[in-house]
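Tertiary structure, described
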Amino acid sequence: MRLVPLGDRVVLKQLVAEETTKSGIVLPGQAQEKPQQAEVVAVGPGGVIDGKEIKMEVAEGDQVIYSKYAGTEVKLDGDEYIIVKQSDILAVVK
Amino acid sequence: MRLVPLGDRVVLKQLVAEETTKSGIVLPGQAQEKPQQAEVVAVGPGGVIDGKEIKMEVAEGDQVIYSKYAGTEVKLDGDEYIIVKQSDILAVVK
Amino acid sequence: MRLVPLGDRVVLKQLVAEETTKSGIVLPGQAQEKPQQAEVVAVGPGGVIDGKEIKMEVAEGDQVIYSKYAGTEVKLDGDEYIIVKQSDILAVVK
Amino acid sequence: MRLVPLGDRVVLKQLVAEETTKSGIVLPGQAQEKPQQAEVVAVGPGGVIDGKEIKMEVAEGDQVIYSKYAGTEVKLDGDEYIIVKQSDILAVVK
Amino acid sequence: MRLVPLGDRVVLKQLVAEETTKSGIVLPGQAQEKPQQAEVVAVGPGGVIDGKEIKMEVAEGDQVIYSKYAGTEVKLDGDEYIIVKQSDILAVVK
Amino acid sequence: MRLVPLGDRVVLKQLVAEETTKSGIVLPGQAQEKPQQAEVVAVGPGGVIDGKEIKMEVAEGDQVIYSKYAGTEVKLDGDEYIIVKQSDILAVVK
Amino acid sequence: MRLVPLGDRVVLKQLVAEETTKSGIVLPGQAQEKPQQAEVVAVGPGGVIDGKEIKMEVAEGDQVIYSKYAGTEVKLDGDEYIIVKQSDILAVVK
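What counts, and where the lines are drawn
- In every chain, residue numbers begin from 1 and rise along the written sequence.
- Going through the entries in the order they are written, you letter the chains from A and number the ligands from 1.
- Only residues with pLDDT of at least 70 get local features here, since the model is predicted, and only at 80 or more are side-chain atom pairs given and counted; chain-wide, interface and lining totals rely on the full set of residues.
- For the side-chain quantities, the full set of heavy atoms in the structure was used; hydrogens and water were omitted.
- Here a strand is any run of E in DSSP of at least two residues, a helix any run of H or I of at least four, and the numbering for each starts at the N terminus.
- Classification of residues uses two cut-offs on accessible area relative to the type maximum, computed with a 1.4 Å probe and protein chains only: under 20% is buried, over 50% is exposed, and between them is partly exposed.
- We call two residues contacting when some pair of their heavy atoms lies within 4.5 Å.
- Surface accessibility follows the Shrake-Rupley procedure with a 1.4 Å probe radius. Residue values consider only the protein chains on display as shielding.
- At least two bridges found by DSSP between two strands are what make those strands a pair.
- Orientation is described by lines fitted to C-alpha atoms, with helices fitted over the stretch in contact, and by angles between N-to-C directions that extend from 0 to 180 degrees.
- Accessible area that two parts lose when put together, evaluated with a 1.4 Å probe and summed over both, is termed the buried area.
- Here, a salt bridge means any Lys or Arg side-chain nitrogen found within 4 Å of an Asp or Glu carboxyl oxygen.
- Residues adjacent in sequence count toward polar contacts only when both atoms are side-chain atoms; beyond that, a polar contact is any pair of N or O atoms within 3.5 Å, and within protein one must be able to donate a hydrogen and the other to accept it.
- On a range of 0 to 100, pLDDT expresses the predictor's confidence in each residue.
- For this analysis, a ring pair means two rings from Phe, Tyr or Trp (six-membered ring only for Trp) whose centres lie within 6.5 Å, classed as stacked if their planes differ by under 30 degrees, edge-to-face if by over 60, and tilted for the remaining angles.
- Working rule: Lys NZ or Arg CZ, within 6 Å of ring centre, within 35 degrees of ring normal, means a charge sits over the ring.
- Positive residues here are Lys and Arg, negative ones are Asp and Glu, while His and the chain termini are left out of the count.

1. Brief notes about the overall build of chain A
Across its full length, chain A carries zero helices and 11 strands. Counting only residues that meet the buried cut, chain A has 41% of its 94 residues in that class. For chain A, contacts bridging at least 24 residues in sequence account for 64% of all contacts bridging at least 6. Carbon and sulfur atoms make up 49% of the accessible area of chain A, which totals about 5,400 Å².

2. Concerning the pairing of strand β10 (residues 79-85) of chain A
Residue and element names in this part refer to chain A. Two elements, strand β2 (residues 9-14) and β10, share four bridges in a ladder whose sense is antiparallel. In the strand pairing of β10, Val10 is matched with Val84. Once strand β9 (residues 72-76) ends, the chain turns through two residues before running back antiparallel as β10, passing Asp77 with a positive phi of about 55°.

3. With respect to the sheet that holds strand β11 (residues 89-93) of chain A
Strands sit in the order β9(A)-β10(A)-β2(A)-β5(A)-β8(A)-β11(A)-β1(G) across an open sheet of seven strands; the sheet is antiparallel. Edge strands, defined here as strands with exactly one partner in the open sheet, are β9 of chain A together with β1 (3-5) of chain G. Averaged over all pairs of adjacent strands, the angle between their axes in this sheet comes to 45°, without regard to strand direction. Sheet topology note: the strand β8 (residues 63-66) of chain A/β11 of chain A ladder contains four bridges and is antiparallel. From the neighbouring strand, Val64 of chain A faces β11 of chain A, where its bridge partner is Val92 of chain A.

4. Observations concerning the sheet that holds strand β5 (residues 37-43) of chain C
The strand order across the open sheet built from seven strands is β1(B)-β11(C)-β8(C)-β5(C)-β2(C)-β10(C)-β9(C), with neighbouring strands paired in antiparallel fashion. The open sheet has two free edges, formed respectively by β1 (3-5) of chain B together with β9 (72-76) of chain C, since each of these has just one partner strand. Here the strands of the sheet are splayed against their neighbours by 45° on average, with no regard to which way each runs. Sheet topology note: the β9 of chain C/strand β10 (residues 79-85) of chain C ladder contains five bridges and is antiparallel. When the sheet's bridge partners are listed, Thr72 of chain C is paired in β10 of chain C with Ile83 of chain C.

5. Some words on the interface of chain F and chain E
Taken together, the contact between chain F and chain E spans 14 residues of the former and 14 residues of the latter. Taking both partners together, chain F and chain E bury about 1,300 Å²; carbon and sulfur atoms supply 62% of that area. Our count for the chain F to chain E interface comes out at one salt bridge. Of the charged contacts in the structure, one is a salt bridge between Asp50 of chain E and Lys52 of chain F, with a shortest N-O distance of 3.3 Å.

6. Observations regarding the interface of chain A and chain B
The interface is formed by 14 residues belonging to chain A together with 14 residues belonging to chain B. Carbon and sulfur atoms supply 62% of the area buried between chain A and chain B, which totals about 1,300 Å² over both sides. Connecting chain A to chain B are one salt bridge. Applying the counting rule to chain A against chain B returns six residue pairs in polar contact (both at pLDDT 80 or more). Listing elements by their share of the side of chain A that touches chain B, those giving two or more residues are β1 (3-5) and β9 of chain A.

7. A look at the pairing of strand β8 (residues 63-66) of chain F
With three bridges connecting them, strand β5 (residues 37-43) of chain F and β8 of chain F associate as antiparallel partners. For Ala38 of chain F, the partnering residue across the bridge sits in β8 of chain F and is Val64 of chain F.

8. What about unusual backbone geometry?
One non-glycine residue, Asp50 of chain A, lies in positive phi territory at about 55°. Asp50 of chain A sits in the partly exposed class, given a relative accessible area of 46%. We note that Asp77 of chain F has phi near 55°; this positive angle belongs to a residue other than glycine. One can find Asp77 of chain F in the loop between β9 (72-76) and β10 (79-85). For Asp77 of chain F, a relative accessible area of 54% translates into the label exposed.

9. Notes on the confidence of the model for chain A
All names here are of chain A. With 79% of its residues at a pLDDT of at least 70, chain A reaches an overall mean of 85. Overall, residues 29-33 carries pLDDT values under 50, and its contacts beyond four positions in sequence, including any with other chains, amount to six contacts. As a predicted assembly, this complex carries a pTM of 0.82 together with an ipTM value of 0.79.

10. Observations regarding the environment of Leu90 of chain E
Note on placement: Leu90 of chain E falls in strand β11 (residues 89-93). Relative accessible area serves as the criterion here: at 3%, Leu90 of chain E is assigned to the buried category. In the structure, Leu90 of chain E is positioned 26 residues away from Val64 of chain E in sequence and 7.5 Å away in space, judged by C-alpha atoms. Those residues within four positions of Leu90 of chain E in sequence are excluded, and the remaining contacts are Pro5, Leu6, Arg9, Thr72 and Ile83 of chain D together with Ile65, Tyr66 and Ser67 of chain E.

11. What about the environment of Glu39 of chain D?
Residues and elements named next belong to chain D. Position of Glu39 relative to the elements: it lies in strand β5 (residues 37-43). Accessibility expressed as a relative area gives 27% for Glu39, which makes it partly exposed. In this structure the C-alpha to C-alpha distance between Glu39 and Val64, which are 25 residues apart in sequence, comes to 6.2 Å. Not counting chain neighbours up to four residues away, the residues in contact with Glu39 comprise Val11, Leu12, Lys13, Leu15, Gly61, Asp62 and Gln63.

12. Some details on the packing of aromatic side chains
Per the counting criterion, the structure on display carries zero aromatic pairs over all chains. When the ring centre of Tyr81 of chain C is taken as origin, the NZ or CZ atom of Lys13 of chain C, which lies over that ring, is 5.3 Å away.

13. Brief notes about the side chain of Arg9 of chain C
Assignment of secondary structure puts Arg9 of chain C in strand β2 (residues 9-14). Salt bridges are absent for the buried Arg9 of chain C, whose nearest opposite-charge side chain, Asp8 of chain C, sits at 5.0 Å. For Arg9 of chain C, the side chain forms a polar contact with the main-chain oxygen of Ile89 of chain D, separated by 3.4 Å. Those residues within four positions of Arg9 of chain C in sequence are excluded, and the remaining contacts are Val43, Gly44, Met56, Ile83, Val84 and Lys85 of chain C together with Ser87, Ile89 and Leu90 of chain D.

14. Concerning the environment of Gly46 of chain B
Here Gly46 of chain B lies in the loop between β5 (37-43) and β6 (47-49). The residues contacting Gly46 of chain B, other than those within four sequence positions of it, are Gly7, Ile54 and Met56 of chain B.

This is how it looks when you write it as structure tokens:
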């Protein structure tokens, strides 16, 4: 199963970073501050959205920074995704 | 009786998942977190909505992810439906 | 006396359902959850509303589902009506 | 002195209904729930308002239903009026 | 010194009404309810404001009714004025 | 160093008025009510802002009245400025 | 790694000013009021954003004043950046 976003939406996947403290304890990703960096896993077709022509500027595999609190978290087959509008993506990391 | 949505509206039906705990107790769907995945049961005609041309992109039978808190719950003949605008549908699950 | 709605407005009349409990007590309509299903009793002419062309899609006699909290309740000659904009009507029941 | 409304505004006058209780006590209009029915006493010229062409649909003498909480109450020569935008008028009573 | 309003703005001056109670005590204007009637003392040039053509409909010397809470109070040379947008003027008193 | 405003923005400088009470005590400007009168020190180029053509109507040296709470206070080289959009300027004082 | 902003976004970097008190104690930047002055480190391509043509007016290396509370703070490789829309930049410091 895979997510096919509609319109100007983009499916993102956060990279869950495991982190080891100085004393060697591994902190799972959830206990840390939510990172705003994610990888693009699917991109909607764009087109006329709400009466305005939107051209998709990001591509599958891009590392992106997205707006805090934006988007909807979705769980599919045990994996977690975030679906955002392209306008909630601030920058690509290159 | 059936629901015929107006404009850019879409009628959804949530699949109520029964779930069995490890000890064998069956939890009814209501006791669980509301899923955001639903099946499209009827699609409005689209057209010019609020001065903007809207083309319907989903079809009856599609499995979709929709925006949390979006839509209106409706009961008809004992069945429960959610009526959303197409723009509240984030992605199709394929 | 009758209500002639302006613009894209629609006059609705809720069907007050009397309901008999198992013990035989009749609960008047007011004590129950407000139903969202109503009958269309008058339809405005549509036309250019707030700079946008609106075509009326519902007709007198239609059974419709309308958005919770939408509209204004009006009493006329002892009868109660709800006046909504057509965009607050979600679906027709057929 | 008279009120000449600007743009898409309409001057309304509520009919203060005196009401006699069963025991014969007369309740002045103020002690009752504010009625939403009023008579049109003056109609603005319409025209291009906020970039949109507005055609006036109500006329002096019409009995109308207007939106609760809409409009501004104005006192002139001891009389009370309500000035609303035409879009706050829901229906004409005929 | 005088105020020259920009765009669709209008400078108003309230008439401070002194009022004598039955017992003969004079209440200064401030102790009373703020009247919504004022005289137009200067009118902006109108033109294209926020992308929309605005034609000025009021003139210096007009007695007008303006929207409660609208506008900005300004003190100049000891006199008090209210600067409103023309759309906050509801009606002219004739 | 100087501030060059972008788009339809205008840089203002408030005149800090020292005031002597009847008993001869000098009150510094900060202890008084913030005046809304200021001098224009720099004017943006205008042009198409947010899809709308904006023509600048104020000029360097103008004494203007601006909207309460509007704008952003900026400190540069020990001087304080307020940067507002031209639409927050209500009137020119002549 | 570097940030490539999308659309009308601009990446800013605040200059963290260390400050020595009269008694010689060095106050780190965080303990001070957040400055609104920053340097432009990357500029988006502009173009049609939300249906409106946006031309980028700032360039890499510009010292700018930006709107308080605007933008999103982003950490990359230990450096902190602020990503704002160009419309949140008030003025260039020259």
